[in-house]
Number of protein chains: 2
Amino acid sequence: MTTTREPTAAGVALAAAKVAQILPATPLLPLEVDGRTIWCKAESLQPVGAFKIRGAWHRLTDLTETERAKGVVGVSSGNHAQGVAWAARRLGVTAAIVMPVDAPAVKLANTRALGAEVVLYDRPGGEDRDEVAERLCQERGATLVHAYADPWIIEGQGSTGIEIAAQMQALAGGGPDLVVAPCGGGGLTAGLALACPDARIVPVEPEGWDDVCRSLVAGRILPVDPFAPPTPCDALQTPSTRAVNFAILHARCPFGLVVTPAEVRAAQRFAFARLRLVLEPGGAAALAAVLAGKVEPGARTAVVLSGGNTDAEAFARVLSGDD
Amino acid sequence: MTTTREPTAAGVALAAAKVAQILPATPLLPLEVDGRTIWCKAESLQPVGAFKIRGAWHRLTDLTETERAKGVVGVSSGNHAQGVAWAARRLGVTAAIVMPVDAPAVKLANTRALGAEVVLYDRPGGEDRDEVAERLCQERGATLVHAYADPWIIEGQGSTGIEIAAQMQALAGGGPDLVVAPCGGGGLTAGLALACPDARIVPVEPEGWDDVCRSLVAGRILPVDPFAPPTPCDALQTPSTRAVNFAILHARCPFGLVVTPAEVRAAQRFAFARLRLVLEPGGAAALAAVLAGKVEPGARTAVVLSGGNTDAEAFARVLSGDD
């Protein structure tokens, strides 16, 4: 059921216009780091707590009447799930979401609260979530809304970049020359690359789940080690990028960056104290790379804070830590 | 050194125009509470983590050249301190801030980091902070920037209401009919009353520091019990409102509301989970009143989330609590 059209810059512009009709722009907050200002795009403030609402809205609003009637199936560790559920409820479409049994409790609860059916799969046991989703789609005639390997999803997430460019123009007198963003499967980063053709795009992945980093170096898609232990950045725990994402990333990103769990926790604490924002680990990955000095800031650097769905207990532990 | 002109709605409009030149509007975030949408004004996302930056900017930009040269003295438990320090640094004005020795460490550190001189006074021991400030002003010829009993401060804080009205018009098709806001000395609430003449304004105070509530009922200014124990809502711990504030509040607010520490903690947790915002106790007081069902929501209800400066340890304790 996956479509094969290519995502385009025009599609990103269209997605941005559709998103702007329904969601106010999230703030672009200035943050001083070592005497320089970086601009933080607070996607954690979206209604579902993550940028994923953008791609889901763009995809579901482009379903045909027939497709709408048969519903959608999403696959997600939690944020895409909530994005699809939010858009589906708003449009009166039935949604089933395939989620890992070890997803954060808050993400499971929020997805159900938005009215979606949650179908669990055994991520720790190695069950293939895409197979589960394909089976559901065949049984129901539903449309698969992939979390990143989908042209609408890529274009929708790219609307983040359109907002960044407009806000930075107003606040700092020009568009971004550098955009640093968390990267799971590459939906957001590919979208940002289409949205910001004049900026360097730097994807940031968590240690052990750096398939995009290694793929960029190798020049071909390399999956993660099938026995890689889970990362605290659950939102970025994707085994492999896909061709539709990699084609864009390979053309635009010379390299990616990897951050450690300790660097991510430090970024969560920094965002807490300096921006008064709650970020989940994956949502803080790009900020972590900047704070750790892994990328030279540009004249106008944007950092995407991609999500804020984390359990209270987990966040309290991060705040209490002194590593 | 306190001026005696009256704050006006025209002054609020002027302040809003000045603030808009330098600070993007903070987001007005929708929040579903018991099936109704309330609109949360996230002033915790201001550069200093609180709305106080507004009044400070309006006041300091209106100083004469002579006044600027002699500097300003602020009196604050922390958020006004940071607002004055931020504005002073930006304008090249010397600032000294009289702060209680028991202010949250993060507020003391942030005020110093903004370049202001911090002069501590013994709040737990009953030292009168206004006397300390007056003495400093006389010694230096500096201008006192009171935290709430000042027409510029009231007008500046009122710019929050101008933004709320414009944002709610765009998002919900009309201005607010109810504005619920945390109340310490009454600077913010008086400003909101001037900014939103058609809305009910409900001030919310912490248990034990409900001087405005009791004053509204009595029809005259009543201070708090001089032996009242400290409240977790340090930002709202003010012994008494003043005539310039009370004149407005008495004319516009039939009553105020009181919230308990447990209600405030519940609101902090709710904002964490549902808005992904870090709120300090005082910043969550108005939300606490709404969540506790103490005020009937209007057709378009605005709730001011006034600040987010809290120590990591304190916030971790709130998240870990199960009261």
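Everything in this summary refers to the structure shown in the same document. All figures in this text were calculated on a predicted structure; none of them were measured in a lab.

Residue and element names in this part refer to chain B. Two elements in contact, helix 11 (residues 261-275) and helix 13 (residues 312-320), have axes whose closest approach is 9 Å; the angle formed by their N-to-C orientations is 90°. Considering the angle they form, helix 11 stands roughly perpendicular to helix 13. Across the interface between the two elements, Arg 265, Gln 268, Arg 269 and Phe 272 of helix 11 pack against Phe 315, Val 318 and Leu 319 of helix 13. Within the contact of helix 11 with helix 13, the residues separate by chemical class into four nonpolar, one polar and two charged.

A few words now on the packing of aromatic side chains. The description of two aromatic rings rests on the distance between their centres and on the angle between their planes. Using the criterion set out here, one finds four aromatic pairs over all chains in the structure. Judged by centre distance (5.5 Å) and plane angle (45°), the rings of Phe 272 of chain A and Phe 315 of chain B are tilted. Of this pair, Phe 272 of chain A sits in helix 11 (residues 261-275) while Phe 315 of chain B sits in helix 13, each in a different chain. Each member of the pair, Phe 272 of chain A as well as Phe 315 of chain B, carries the same accessibility label: buried. Sitting above the plane of the Trp 152 of chain A ring, Arg 59 of chain A keeps its charged end 3.7 Å from the centroid.

Now for the relation of the copies chain B and chain A. Note on the identical chains: chain B maps onto chain A by a rotation of 180° and an axial translation of 0.0 Å, with an RMSD of 0.0 Å. As the rotation angle and translation indicate, the two copies are arranged about a two-fold axis. Relative to the rotation axis, the C-alpha of Ala 316 of chain B is the closest in chain B, positioned 2.2 Å from it. Here 100% of the interface residues in chain B have copies in chain A that are interface residues too; the copies meet face to matching face.

A few words on unusual backbone geometry. All names here are of chain B. One non-glycine residue, Asp 34, lies in the positive phi region at around 50°. Position of Asp 34 among the secondary structure elements: in the loop between strand 1 (28-33) and strand 2 (36-42). Taking the relative accessible area as the measure of exposure, Asp 34 reaches 76% and is therefore exposed.

Criteria and cut-off values
- Residues numbered from 1 in each chain as written.
- Chains lettered and ligands numbered in written order.
- Predicted model: local features only at pLDDT ≥ 70, side-chain atom pairs only at ≥ 80, totals over all residues.
- Heavy atoms only, no water.
- Axes fitted to C-alpha atoms, helices over the stretch in contact; angles between N-to-C directions.
- Helix = DSSP H or I, 4+ residues; strand = E, 2+ residues; numbered from the N terminus.
- Parallel < 35°, antiparallel > 145°, perpendicular 65-115°, else oblique.
- Contact = heavy atoms within 4.5 Å.
- Nonpolar A, V, L, I, M, F, W, Y, C, P; charged D, E, K, R; others polar.
- Phe/Tyr/Trp six-rings, centres within 6.5 Å; stacked < 30°, edge-to-face > 60°.
- Buried < 20%, exposed > 50% of the residue type's maximum accessible area, 1.4 Å probe, protein only.
- Lys NZ or Arg CZ within 6 Å of the ring centre and 35° of its normal.
- Least-squares fit on C-alpha atoms with pLDDT ≥ 70 in both.

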